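Residues per chain are reported as follows:
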Amino acid sequence: MSDTGIAEIERRLGRIEDERAIERMIASYGPLVDAGAAEATGELWADEGGYDVEGWSMRSRADVVAMVRSDAHQGLITRGCCHFLGPAVATVDGDSAVAVCESILVRKRDDGFTVARAGANHFRLQRIDRRWQIVARTTRALDGQAEARELLSAGIPGAAR
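The structure contained in this document is the topic of the report that follows. Computed from a prediction, not measured in an experiment: that's the story for all the values here. (Residues numbered from 1 in each chain as written. Predicted model: local features only at pLDDT ≥ 70, side-chain atom pairs only at ≥ 80, totals over all residues. Heavy atoms only, no water.)

### Some words on helix α5 (residues 146-155)
Thinking step 1. Taken residue by residue, α5 has A148, L151, L152, A154 and G155 as its buried positions.
Thinking step 2. Tucked into the core, α5 has its buried residues touching β4 (89-93), β5 (96-109), β6 (112-128) and β7 (131-141). (Buried < 20%, exposed > 50% of the residue type's maximum accessible area, 1.4 Å probe, protein only. Helix = DSSP H or I, 4+ residues; strand = E, 2+ residues; numbered from the N terminus. Contact = heavy atoms within 4.5 Å.)

In structure tokens:
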């Protein structure tokens, strides 16, 4: 095999490793937030990374940590819930990436579990200090409104929002 062929394989392998690292990071959000692991959840974000979910805007890693520690979130997880993020589609461009996925929030009720929310999630990520970190996450309810559909359609080809 030529040097060019080896270089191409190394480039493709690097892209696959980056995509897998991003997919794994996004998949870890649900288990971490449901466990109440505030610091570990916060570590998914860049120091000044944002999370805009249904009119609630967190503007830093510290804000995400505070959300997980909040009485509202702690009450949610102690009553029983599951934040499930479906498989992410990640598009990597050097040290930047975009990923998109759908999510559901399942809550425990007296008569079983119910889906409380279905969401569209759009992530912008940066490789910072040799690891992928969220610089912006936008989540909108999949309630028929155009904004959620636009998040999904922009994310599949890797467009930032």
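### Side note on the environment of V65
Thinking step 1. Secondary-structure assignment places V65 in helix α3 (residues 61-69).
Thinking step 2. Put simply, V65 and R79 are 14 residues apart on the chain and 20 Å apart in space, counted from C-alpha to C-alpha.
Thinking step 3. Residues in contact with V65, not counting those within four places in the same chain, are A38, E39 and G42.

### A short note on unusual backbone geometry
With the exception of glycine, most residues fall at negative phi, and the peptide bonds are largely trans.
Thinking step 1. Positive phi, normally seen in glycine, also occurs at D129, with a value near 55°.
Thinking step 2. With respect to the secondary-structure elements, D129 resides in the loop between β6 and β7.
Thinking step 3. Within the chain, R130 stands out as a residue other than glycine whose phi angle is a positive 70°.
Thinking step 4. Within the secondary structure, R130 is located in the loop between β6 and β7.
Thinking step 5. Given a relative accessible area of 82%, R130 falls into the exposed group.

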